[in-house]
Number of protein chains: 2
Amino acid sequence: MPKRVDHEARRRQIASAVWRLASTRGLDGVGLRDVAAEAGISLGQLQHYFSSKNELFTFALKHMEQLATNRITERVQALSATPSPRLVLRECLAEMLALDDNSRTGVLAQIAYFVRAIHDEQLRGYAQQGTPELRRFFAGLLREGVARGEVPADRDPDSEAMLLIGLIDGLNSYLLLGVHTAEQALRLVDYHLANLFSRAPRPRPAEEPAG
Amino acid sequence: MPKRVDHEARRRQIASAVWRLASTRGLDGVGLRDVAAEAGISLGQLQHYFSSKNELFTFALKHMEQLATNRITERVQALSATPSPRLVLRECLAEMLALDDNSRTGVLAQIAYFVRAIHDEQLRGYAQQGTPELRRFFAGLLREGVARGEVPADRDPDSEAMLLIGLIDGLNSYLLLGVHTAEQALRLVDYHLANLFSRAPRPRPAEEPAG
DNA sequence: ATCTTTCTAAGTCAGCTGTATTGGATCGCC
DNA sequence: GGCGATCCAATACAGCTGACTTAGAAAGAT
């Protein structure tokens, strides 16, 4: 049984072509012929790997999500052995922000997915189950901040976690619209973190990258 | 020259049909034939009032924006003669949130517009000029809060205003996805406002609606 | 060498899209 | 009455879409 090409690798390559297109025209403006051209293959070849547009988009979605979580976990694990909760939080938030061209494409893809999820029950369920995970992760970091005495005790970690998640999405929106720049968005995040960790000493320069 | 029908009223009526459809399928899923059917008119009639799809959508956008600002200003002016900045802020934020079916449609329309603006230079310019206005308005309220001694002096009104705007958009996203309910979203807003106005006494029950 | 499976290309099809065109109502006014 | 503007309906059209079909190329297995 000849298996000359790596099926999954091809599928990922095609999926990335989807996002390259979707990040410039929006998901709804992407046709199968466009994807084939962008990926440098024929329409027939594309249909050999994905039997329907829906299957292609679903795969592309999961692929994108995988890449995003990989970027975040890599970034967090690249920190010192015992990073402060504040720093971990900052790195996560910074990575989720559409600061450079790379993450910008990721966020655009995420928005295209979000818009579709609003009107698609299946995708909506997918999002509903993903967000609480992130929220719990953030809340845990904040709880640790409270335990360390860096975050005022009257702050509710769970609420603050949700506020942070919402904040990122909102900032991304206005980032993409060009209402503010990457530096301004990052400054706002740092400003908000400084308010949250108001009991903490200013972070060491070695830990806190230049904002 | 006979002018039997109110041209502008018809156009507004058609525009509202656009948003009714867009709020359930997304803007890209709305065709001219759908709009005509939803508005209860023929395609030919629609084309009589809007010479192109672009003109229709542009008009619909401005119409929607008008309705939203009307809702907000009405709500603010319905307050007592000298409302506290905190209360004005809360009413604005509450009105911007997709809490009931009415505002939900508005927010869905707003998102459809946002997605289009990301990839459309003209619309993007429109958004870029609108946001700072709102930001200045919020910042002014916060500045007044600082002057009254209700908001800690180390809070930066301008940054906090932008954070509030971003927060609303983020909360709306997760509201639409069903990640949290209207009550939870409103509670988060009140929680955040309580943090902002930490130097203020608890608002009088007459001023602060039950949350 | 030939068979079998995987892979690729090209063409076709029905359906939908926005727009243009055409024809005919309906009304105020000279 | 009929003239002219406004309003409306129906149809036609070219373009694109996703899906399907057909046919052929490539390569390991026998």
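It should be emphasised that the depicted structure is a prediction, and the values quoted were computed from it without experimental measurement.

1. What about the overall build of chain A?
Then, in step 1: Looking only at helices and strands, chain A features 9 helices and 0 strands.
Then, in step 2: What you see in chain A, going N to C, is helices and strands ordered as α-α-α-α-α-α-α-α-α.
Then, in step 3: Projected onto the principal axes, the alpha-carbon positions of chain A cover approximately 60 × 40 × 30 Å.
Then, in step 4: A total of 211 residues make up chain A; the buried ones form 48% of that total.
Then, in step 5: Residue pairs in contact within chain A that sit at least 24 positions apart in sequence constitute 64% of those at least 6 positions apart.
Then, in step 6: Carbon together with sulfur atoms contributes 49% to the accessible area of chain A, which is approximately 10600 Å² in total.
Then, in step 7: Across chain A, the centroid of the 26 positively charged side chains sits 3 Å from that of the 26 negatively charged ones.

2. What about the domain arrangement of chain A?
All names here are of chain A.
Then, in step 1: Taken domain by domain, chain A comprises domain 1 (1-60) and domain 2 (79-211).
Then, in step 2: The centre of domain 1, based on its C-alpha atoms, is set 31 Å off from the matching centre of domain 2.
Then, in step 3: Taken together, the contact pairs 5 residues of domain 1 with 5 residues of domain 2.
Then, in step 4: Surface buried jointly by domain 1 and domain 2 totals about 540 Å² across both partners, of which 69% is contributed by carbon and sulfur atoms.
Then, in step 5: When the area that domain 1 buries against domain 2 is broken down by residue, the three leading residues are W19, S23 and L27, summing to 70%.

3. Some points on the packing of helix α5 (residues 85-96) of chain B against helix α8 (residues 157-176) of chain B
Residue and element names in this part refer to chain B.
Then, in step 1: The interhelical angle for the contact between α5 and α8, taken along N-to-C directions, is 30 degrees, at an axis separation of 10 Å. The crossing of α5 and α8 is right-handed. Seen from α5, the contacting residues are L89, L93 and M96; seen from α8, they are L164, I168 and N172.
Then, in step 2: In terms of residue class, the contact of α5 with α8 is made up of 5 nonpolar, 1 polar and no charged.

4. Observations concerning helix α8 (residues 157-176) of chain A
Residues and elements named next belong to chain A.
Then, in step 1: A rise of 1.5 Å per residue sets the reference length of α8, with its 20 residues, at 28 Å; its end C-alpha atoms lie 28 Å apart and thus fit the reference within 8%.
Then, in step 2: The buried fraction of α8 is high, at 19 of 20 residues.
Then, in step 3: One or two residues past the end of α8 sits G178, with phi positive at roughly 75 degrees.

5. Details of the relation of the copies chain B and chain A
Turning one copy of the chain about an axis and sliding it along that axis gives the other copy, so a rotation and a shift relate them.
Then, in step 1: Overlaying chain B with chain A gives an RMSD of 0.1 Å, the required rotation being 180 degrees about an axis along which the chain moves by 0.0 Å. Overall, the copies show the geometry of a two-fold rotation axis.
Then, in step 2: A share of 100% of interface residues in chain B that are also interface residues in chain A marks the association as one of identical surfaces.

6. Here's the deal with the UniProt feature "DNA-binding region" (unreviewed entry) in chain A
Then, in step 1: As recorded in UniProt, the feature "DNA-binding region" (unreviewed entry) lies at residues 31-50 of chain A.
Then, in step 2: Each end of residues 31-50 of chain A is marked by a C-alpha atom, and these two atoms are 13 Å apart; helix forms 75% of the span and strand 0%.

7. Some words on the packing of aromatic side chains
Residues and elements named next belong to chain A.
Then, in step 1: In total, this model carries 4 aromatic pairs over all chains according to the counting rule given.
Then, in step 2: Plain terms: the ring middles of F50 and F59 are 5.5 Å apart, the flat faces sit at 55 degrees to each other, and that makes the pair tilted. For the pair shown, F50 and F59 are each scored as buried.
Then, in step 3: Centre to centre, the rings of F137 and F138 are 6.0 Å apart; their planes meet at 40 degrees, and the pair counts as tilted.
Then, in step 4: When its relative accessible area of 0% is taken as the criterion, F138 is described as buried.
Then, in step 5: The residue whose ring lies beneath R11 is F59, and the NZ or CZ to ring-centre distance is 4.7 Å.

8. Let's talk about α5(B)
Residue and element names in this part refer to chain B.
Then, in step 1: Between its first and last C-alpha, α5 extends 17 Å over 12 residues, near the 16 Å set by a 1.5 Å rise per residue.
Then, in step 2: Burial analysis of α5 places 12 of its 12 residues in the buried class, which makes it a mostly covered element.
Then, in step 3: Along α5, the positions that sit buried rather than exposed are P85, R86, L87, V88, L89, R90, E91, C92, L93, A94, E95 and M96.

9. What about the interface of chain B and chain A?
Then, in step 1: At the interface, 41 residues of chain B touch 41 residues of chain A.
Then, in step 2: Both sides together, the interface formed by chain B and chain A hides about 3500 Å², and carbon and sulfur atoms give 71% of it.
Then, in step 3: Broken down residue by residue, the surface that chain B buries against chain A is led by L163(B), L177(B) and Y191(B), which jointly contribute 19%.
Then, in step 4: Remark: the boundary between chain B and chain A carries 14 residue pairs in polar contact (both at pLDDT 80 or more).
Then, in step 5: Of all the secondary-structure elements, those providing two or more residues to the side of chain B that touches chain A are α1 (7-25), α6 (101-119), α7 (121-147), α8 and α9 (182-196) of chain B.
Then, in step 6: With 13 residues, α8(B) is the single largest residue contributor to the side of chain B that touches chain A.
Then, in step 7: Across the side of chain B that touches chain A, the residue classes tally to 19 nonpolar, 14 polar and 8 charged.

10. Remarks on the nonpolar core
Then, in step 1: The biggest cluster of nonpolar side chains holds 136 residues, and the ones touching the most others in it are V35(A), L89(A), F138(A), W19(B), V35(B), L89(B) and F138(B).
Then, in step 2: The residues touching F138(B), leaving out its near neighbours within four places in the chain, are L89(B), C92(B), L93(B), M96(B), A161(B), L164(B) and I165(B).

Reading guide: rules and limits
Sequence order as written defines residue numbering, which begins from 1 separately in each chain. Whichever chain is written first becomes A and whichever ligand is written first becomes 1, with later ones labelled in order. Selection of residues for local features in this predicted model requires a pLDDT of at least 70, selection of side-chain atom pairs for listing and counting requires 80 or more, and totals for whole chains, interfaces and linings are taken over all residues. Where side-chain values are given, they derive from all heavy atoms of the structure, hydrogens and water being excluded. Helical segments are the DSSP runs of H or I of at least four residues, strand segments are the runs of E of at least two, and each set is numbered from the N terminus. Summary of the burial criterion: residues with accessible area below 20% of their type's maximum are buried, those above 50% are exposed, and those between are partly exposed, where the area comes from a 1.4 Å probe applied to protein chains only. The contact criterion used is simple: two residues touch if any of their non-hydrogen atoms lie within 4.5 Å. Method for areas: the Shrake-Rupley scheme with a 1.4 Å probe, in which residue coverage is limited to the protein chains shown. Within this scheme the basic residues Lys and Arg register as positive and the acidic residues Asp and Glu register as negative, but His and the chain ends are omitted. Note that the charge is assigned to NZ on lysines, CZ on arginines, CG on aspartates and CD on glutamates. Where each domain begins and ends follows an automated or database-derived domain assignment. As used here, buried area is the combined drop in accessible area, with a 1.4 Å probe, of two parts when they are placed together. Here an angle of 0 to 180 degrees is reported between the N-to-C directions of two axes, which are lines fitted to C-alpha atoms, with helices fitted over the stretch in contact. Two helices crossing with the near one rotated counterclockwise from the far one by less than a right angle form a left-handed crossing, whereas a clockwise rotation gives a right-handed crossing. Residue classes follow a fixed rule: Ala, Val, Leu, Ile, Met, Phe, Trp, Tyr, Cys and Pro count as nonpolar, while Asp, Glu, Lys and Arg count as charged, and any other residue, Gly among them, counts as polar. Helix span is expected to be 1.5 Å times the residue number reduced by one. For this overlay, a least-squares fit was computed on C-alpha atoms, restricted to residues scoring pLDDT of at least 70 in both copies. UniProt positions are given in the numbering used here, feature names are shortened, and annotations may be inferred rather than shown by experiment. Stacked, edge-to-face and tilted labels apply to pairs of Phe, Tyr and Trp rings (six-membered ring for Trp) whose centres lie within 6.5 Å, assigned for plane angles under 30 degrees, over 60, and everything in between, in that order. Consider the ring centre and the ring normal. A charge sits over the ring if Lys NZ or Arg CZ is within 6 Å of that centre and within 35 degrees of that normal. A 3.5 Å cut-off defines polar contacts: any pair of N or O atoms within that distance qualifies, except that in protein one atom must be a possible hydrogen donor and the other a possible acceptor, and neighbouring residues in sequence count only when both atoms are side-chain atoms. In plain words, nonpolar cores are sets of buried Ala, Val, Leu, Ile, Met, Phe, Trp, Tyr and Cys residues tied together by side-chain atoms within 4.5 Å.

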